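Chain residues, written in single-letter form:
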Amino acid sequence: MNSDVQIAGDPLAIPHLLPPVPAHPHTVAGFVGLARSIAADRASWASLVQYDATTRWYHRLRTGPGYEVWLLSWVPGQGSGRHDHGESSGVLTVLEGELTEHGASGPRALTAGAQRVFAPGYVHEVVNDSLKPAVSLHVYFPGLTDMPMHPSQAATAGATATPPEVLAP
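Residues numbered from 1 in each chain as written. Predicted model: local features only at pLDDT ≥ 70, side-chain atom pairs only at ≥ 80, totals over all residues. Heavy atoms only, no water.

Undergrad: So what exactly am I meant to see when it comes to the nonpolar core here?
TA: In a soluble, globular protein the nonpolar side chains are often hidden away together inside. Formed by 17 residues in total, the largest nonpolar core has its most connected members in Leu71 and Val139. At five residues, helix α2 (residues 28–40) tops the list of elements feeding residues into this core. Other than its neighbours up to four places away in sequence, Val139 contacts Phe31, Leu34, Ala35, Tyr67, Glu68, Val69, Ser89, Gly90 and Val91. Of all hydrophobic cores here, the second largest spans 13 residues; its members include Trp70, Trp74, Leu92 and Tyr140. (Core = buried A, V, L, I, M, F, W, Y, C linked by side-chain atoms within 4.5 Å. Buried < 20%, exposed > 50% of the residue type's maximum accessible area, 1.4 Å probe, protein only. Helix = DSSP H or I, 4+ residues; strand = E, 2+ residues; numbered from the N terminus. Contact = heavy atoms within 4.5 Å.)

So this is what it looks like as structure tokens:
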């Protein structure tokens, strides 16, 4: 009995039978659109969400050429610590609940549907200051390889930063 490959021959010689190469973003606007489309497809992420009272829960949802997508959950009081994302740019999208971003320009409330775009070196802290859990989506491009921590804004002058380390998003 002949296999499909024996019958069809070289599958690369019959491109009409191959699935199309998925498009991937090449611009900041494209990554914002990717985040919006994933956020809108609740069925693709809602059943994956878990909550952990001891630490932020995270799950790498997707990877593509030069980017990765993370799903995070935050119970009340959980925060990221003050950090940047190394060489990565990113898009943060709040899917459920409310988060507070503390950046150089002060605190900013981020409710469901809010998006923040940031470039390499952007320092911020994200905290769930509300009384309900929150879920967020993070797209990093290139993929996140470094997340250096920074001293809190309340640190006294002259305090030294701890050495950079790689953490989960």
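Undergrad: Sorry if this is basic, but what is going on with the pairing of strand β6 (residues 115–118) here?
TA: Every other side chain in a regular strand lies on the same face of the sheet, so the side chains alternate between the two faces. The two faces of β6 differ: Arg116 and Phe118 on one face are buried, but Gln115 and Val117 on the other face are not. Where strand β3 (residues 89–96) lies against β6, four bridges are found, and the strand directions are antiparallel. Each residue of the ladder has a partner; that of Gly90, found in β6, is Phe118. (Pairing = 2+ DSSP bridges.)

Undergrad: I keep staring at the environment of Leu99 and nothing clicks. Help me out?
TA: Following the sequence through the fold, Leu99 ends up in strand β4 (residues 98–103). Considering only alpha carbons, one finds Leu99 and Asn128, 29 residues apart in sequence, at a separation of 4.7 Å.

Undergrad: What is the right way to look at the environment of Gly81 in this model?
TA: Here Gly81 shows up in the loop between β2 (67–74) and β3. Through-space distance from the C-alpha of Gly81 to that of Met149 is 7.0 Å; in sequence the pair is 68 residues apart. Once residues within four sequence positions are removed from consideration, Gly81 is found in contact with His124, Glu125 and Met149.

Undergrad: When you look at the packing of aromatic side chains in this model, what are you seeing that I'm missing?
TA: What characterises a pair of aromatic rings is the spacing of the ring centres plus the angle enclosed by the ring planes. A complete count under the given rule lists five aromatic pairs for this structure. Look at Phe31 and Phe141: their rings are 3.9 Å apart centre to centre, the planes differ by 5°, and that puts the pair in the stacked class. Pair noted here: Phe31 is in helix α2 and Phe141 is in strand β8 (residues 134–141), with a separation of 110 residues, a long-range link. For Phe31, a relative accessible area of 5% translates into the label buried. Take Phe141: its relative accessible area is 11%, and that puts it in the buried class. Aromatic side chains Phe118 and Tyr140 sit 6.3 Å apart centroid to centroid with 55° between the ring planes, which places their arrangement in the tilted category. (Phe/Tyr/Trp six-rings, centres within 6.5 Å; stacked < 30°, edge-to-face > 60°.)

Undergrad: Help me understand the pattern of salt bridges, please; the structure alone is not making it clear to me.
TA: Think of it this way: side chains of opposite charge can pair up when their charged atoms draw near. Tallied over the entire structure, the rule returns three salt bridges. Between Arg116 and Glu101 there is a salt bridge, and its shortest N-O distance comes to 2.6 Å. In this pair, Arg116 sits in strand β6 while Glu101 sits in strand β4, placing the two residues 15 residues apart along the sequence. Taking relative accessible area as the criterion, Glu101 reaches 2% and is therefore assigned buried. (Salt bridge = Lys/Arg side-chain N within 4 Å of Asp/Glu carboxyl O.)

Undergrad: Explain the sheet that holds β2 here, please?
TA: Strand pairing within a sheet occurs via backbone hydrogen bonds; the two strands may be parallel or antiparallel. Spatially, the five strands line up as an open sheet ordered β1-β2-β8-β3-β6, and their pairing is antiparallel. This sheet does not close on itself; its edge strands, each paired only once, are β1 (57–64) and β6. Across the sheet, the mean angle from the axis of one strand to that of its neighbour is 15°, orientation sign disregarded. Contacts from α2 reach β1, β2, β3, β6 and β8, with the element oriented near 150° to β8. (Axes fitted to C-alpha atoms, helices over the stretch in contact; angles between N-to-C directions.)

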